[in-house]
Amino acid sequence: ANYVYNGTSDQNTGTGLPTSLTGDLIINNPGNTVTLTRSGTTIANQGLLDLTAGTFVAAGNLTMSATSTINRSEGSMTVSNLGTGAYNINYTGSSKATGPELIGSGLNNITVSLDPGQTLTLDANRTPDGNLSVSTGTLDLSTFTCSRSSAGGVLTLSNGAFLKIGGVNNFPSNYNTNTLGSTGTVEYYLAGAQTISPKTYGNLIFSGSGTKSITAGTT
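Nothing here was measured: the structure is a model prediction, and the numbers come from that model.

> Could you clarify how one ought to interpret the pairing of strand β6 (residues 48–59) in this entry?
Here eight bridges tie strand β4 (residues 24–35) to β6, and the two strands are oriented parallel to one another. Its bridge partner being in β6, asparagine 28 is matched across the sheet by alanine 53. Relative to strand β8 (residues 69–72), β6 runs parallel, the two being bridged by four bridges. Its bridge partner being in β8, aspartate 50 is matched across the sheet by asparagine 71. Where β6 and strand β9 (residues 76–79) come together, four bridges link them in parallel fashion. When the bridges of β9 are listed, phenylalanine 56 appears paired with methionine 77.

Take a look at the structure:
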């Protein structure tokens, strides 16, 4: 079953919400808070937590199972831990900053599919276990990194998408394959020295006042 919290004031989930959800849990309460009051609640395999509007306060009551997904469009959440299950997260909609939805030690694939011209800004160093994909819109790493936890996986920057790098840690690392679309754009914009990662770029932009150093193997 799917459960939708779409009130017009603050809500508590109560005991009517099952502890194991294989359908969708949708938070759509603009400007208000939905609090998960039942401990031990799990988004089970193939289940979806859809953050559409409002703030979902999960505290320590929520666990994401392997192959479950968080889809965050306009909503947000507060949570202390999401468990070790290999869950995925998709970002859609308009500009926003990442948040604690990325804290789980089981964080797997991250997909950025924002509306064209919109930007997702990284809020802290994040270490996914799977793939990083920027399909549409812009991923701004700010001064942080989104390097894989260990070697493997694929980093994809699709045609027309943007990746902005504002820190000295430069390009996300530990991805075995880097696929940068011929019309995708990577911008190094730190107001300080940056070394350009030796990749095959589509479009490459240097901005900021710092020195940008090209390394061998850059195309």
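The structure having been displayed, the exposition proceeds.
> Help me out: how do you make sense of the environment of glycine 16 in this one?
Turning to its location among the elements, glycine 16 is positioned in the loop between β2 (11–12) and β3 (20–21). Between the alpha carbons of glycine 16 and arginine 38 there is a distance of 9.2 Å; along the sequence they are 22 residues apart.

> Looking at this structure, I do not really get unusual backbone geometry. What am I missing?
Among all residues except glycine, the phi angle is most often negative; among peptide bonds, the trans geometry is most common. One non-glycine residue, glutamine 46, lies in the positive phi region at around 75 degrees. Within the secondary structure layout, glutamine 46 lies in the loop between β5 (41–43) and β6. Residue glutamine 46 is classed as exposed on the basis of its relative accessible area, which comes to 61%.

> Explain the packing of aromatic side chains to me, please; I cannot follow it from the model alone.
In this description, an aromatic ring pair is defined by two values, namely the gap between the centres and the angle between the planes. All told, the structure shown has two aromatic pairs when counted by the stated rule. Centroid distance phenylalanine 171 to tyrosine 201: 6.4 Å. Interplanar angle 80 degrees. Geometry classified as edge-to-face. Of the two residues, phenylalanine 171 is situated in the loop between β17 (162–165) and β18 (177–180) and tyrosine 201 in the loop between β20 (194–196) and β21 (203–206); the sequence distance between them amounts to 30 residues. Ring geometry for tyrosine 188 and tyrosine 201: centres 6.4 Å apart, planes at 75 degrees, overall edge-to-face. Separated by 13 residues along the polypeptide, tyrosine 188 in strand β19 (residues 185–188) and tyrosine 201 in the loop between β20 and β21 bring together distant segments of the chain. Tyrosine 188 gets classed as buried once you look at its relative accessible area, which sits at 0%. One aromatic cluster in this structure is built from Phe171, Tyr188 and Tyr201. When the ring centre of tyrosine 189 is taken as origin, the NZ or CZ atom of lysine 164, which lies over that ring, is 5.0 Å away.

About the criteria used
Residues numbered from 1 in each chain as written. Predicted model: local features only at pLDDT ≥ 70, side-chain atom pairs only at ≥ 80, totals over all residues. Heavy atoms only, no water. Pairing = 2+ DSSP bridges. Helix = DSSP H or I, 4+ residues; strand = E, 2+ residues; numbered from the N terminus. Buried < 20%, exposed > 50% of the residue type's maximum accessible area, 1.4 Å probe, protein only. Phe/Tyr/Trp six-rings, centres within 6.5 Å; stacked < 30°, edge-to-face > 60°. Lys NZ or Arg CZ within 6 Å of the ring centre and 35° of its normal.

Such coordinate-based values are descriptive only and should not be taken to indicate function.
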